[in-house]
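The lines below spell out each chain.
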Amino acid sequence: MTAPEVRPLPADSVGLLEGLTTTRAIRRYTGDLMPPEVLRDILFAATRAASGSNRQPFRFIVLIDGPRAVAARRLLGERAREIWAGKGQREGYRSDAEPRSAKARMARTMAEYVGGFESVPVVVLTCLVRYREPAPMEGASVYPACQNLLLAARALGYGGVMTGFHRGIEPQLSELLSVPAEAFIAATITLGRPQGGHGPVRRRPLAELVFEDTWGSAPEWALDPPGTAYTAAGPPARPSATAG
Ligand SMILES: Cc1cc2nc3c(=O)[nH]c(=O)nc-3n(C[C@H](O)[C@H](O)[C@H](O)COP(=O)(O)O)c2cc1C
């Protein structure tokens, strides 16, 4: 019997820095399925992430359409709607407020996202296998893998978002999916083909986030590249930051 031919990783057309600065939370997907070979590529990239002592304590449970996947997705969908209802209320996300405001847009996106959670193309639960008592840095051995996963999706024309929708239902999910006692679910990630483009992420200006020598002291070189987009939380783009 000959071994099946295994495909190499495909070439991608997004440069690393471009990918890093344009990987946004994608919550709206087309109905396209994700072929197994694409999942292979994305999960391969995810599992290449760094972890403490290279222990590789991350594990990924991919939920597509098997009976347990469907049941888990239903639990997650119900929880997502509950969590969003609470947060939306607490933080004033109302789709009928000022319709073009960032909050109203987010409210509409989130309502659609959590409302159709069960039909997102793929859900990935990222887990961490504990080898010692919970420690402050343990997440550092699982979240780089989550980011690799999202970056690889971006590289291949897909997109996703990391969520905490498993919070509060870990026992039910663990039982349903046979997650062993020494492992915990660290993230719920949805993936699919984005409806619409990626575009640059919006963040605070570099100088608000990077210090030299002492806290609060921005280095002279902390100048955002031309065209940087800012969050509403940050100041509007300064002419010096966008010129050229
Ligand atoms: C630790 C973490 C938890 C997150 N939890 C959620 C979540 O529960 N639900 C959700 O829709 N997005 C979640 N996100 C996505 C963020 O809201 C999103 O990345 C952020 O608002 C920036 O948006 P952008 O990536 O589109 O620029 C989470 C992201 C991180 C890193």
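All figures in this text were calculated on a predicted structure; none of them were measured in a lab.

### Points about the pattern of salt bridges
Reasoning step 1: Evaluated as defined, the whole model comprises 10 salt bridges.
Reasoning step 2: As a salt-bridge pair, D32 and R193 come within 3.6 Å of each other at their nearest N and O atoms. Separated by 161 residues along the polypeptide, D32 in the loop between α1 (16–22) and α2 (36–47) and R193 in the loop between β4 (183–192) and β5 (202–203) bring together distant segments of the chain.
Reasoning step 3: A residue is classified by how much of its surface remains accessible, and R193, at 28% relative accessible area, is partly exposed.
Reasoning step 4: Close ionic contact of R130 with E138 constitutes a salt bridge, the shortest N to O distance being 2.7 Å.
Reasoning step 5: Using a relative accessible area of 15% as the deciding quantity, one classes E138 as buried.

### A word on a nonpolar patch on the surface
Reasoning step 1: There is a patch of nonpolar side chains on the surface, built from L16, L17 and L20 and spanning about 350 Å² of accessible area.
Reasoning step 2: Its place among the elements puts L20 in helix α1.

### Comments concerning a positive patch on the surface
Reasoning step 1: Taken together, the side chains of R24, R105, R108, R202 and R203 present a region of like positive charge at the surface.
Reasoning step 2: The set of elements that each furnish at least two residues to the positive patch consists of α4 (102–115) and β5.
Reasoning step 3: Along the chain, R105 turns up in helix α4.
Reasoning step 4: Exposure remark for R105: the relative accessible area of 46% places this residue in the partly exposed category.

### Some words on the site of the ligand
Reasoning step 1: Around the ligand lies a shell formed by R24, A25, R27, M110, Y113, V161, M162, T163, G164, F165 and R203.
Reasoning step 2: One of the side-chain nitrogen or oxygen atoms of R27 is found 2.9 Å away from an oxygen atom of the ligand.
Reasoning step 3: One of the side-chain nitrogen or oxygen atoms of R203 is found 2.7 Å away from an oxygen atom of the ligand.
Reasoning step 4: In isolation the ligand exposes 620 Å². Once the protein is present, 56% of that is buried.
Reasoning step 5: Elements with a minimum of two residues in the shell around the ligand: α4 and β3 (159–163).
Reasoning step 6: Here the shell around the ligand gets 3 residues from one element, more than from any other, and that element is β3.
Reasoning step 7: Residues that form the shell around the ligand fall into these classes: 6 nonpolar, 2 polar and 3 charged.

### Thoughts on helix α5 (residues 143–155)
Reasoning step 1: Here α5 is 13 residues long and its end C-alpha atoms lie 18 Å apart, about the 18 Å a rise of 1.5 Å per residue gives.
Reasoning step 2: Buried residues of α5: A145, C146, L149, L150, L151, A152, A153 and R154, and no others.
Reasoning step 3: At the C-terminal side of α5, G157 shows a positive phi close to 90°.

### What to know about the domain arrangement of the protein
Reasoning step 1: Split into domains, the protein comes out as domain 1 (16–192) and domain 2 (202–244).
Reasoning step 2: The C-alpha-based centres of domain 1 and domain 2 are spaced at 29 Å.

The rules behind these values
- Residues numbered from 1 in each chain as written.
- Predicted model: local features only at pLDDT ≥ 70, side-chain atom pairs only at ≥ 80, totals over all residues.
- Heavy atoms only, no water.
- Salt bridge = Lys/Arg side-chain N within 4 Å of Asp/Glu carboxyl O.
- Helix = DSSP H or I, 4+ residues; strand = E, 2+ residues; numbered from the N terminus.
- Buried < 20%, exposed > 50% of the residue type's maximum accessible area, 1.4 Å probe, protein only.
- Patch = residues over 30% accessible without salt bridge, like charges linked within 9 Å, V, L, I, M, F, W, Y side chains within 5 Å.
- Areas by Shrake-Rupley, 256 points an atom, 1.4 Å probe, with all protein chains shown as cover.
- Lys, Arg positive; Asp, Glu negative; His and termini not counted.
- Charge placed at Lys NZ, Arg CZ, Asp CG, Glu CD.
- Near = heavy atom within 4 Å.
- Polar contact = N/O pair within 3.5 Å; in protein donor to acceptor, adjacent residues only side chain to side chain.
- Nonpolar A, V, L, I, M, F, W, Y, C, P; charged D, E, K, R; others polar.
- Expected span 1.5 Å × (residues − 1).
- Domains from an automatic or database assignment.

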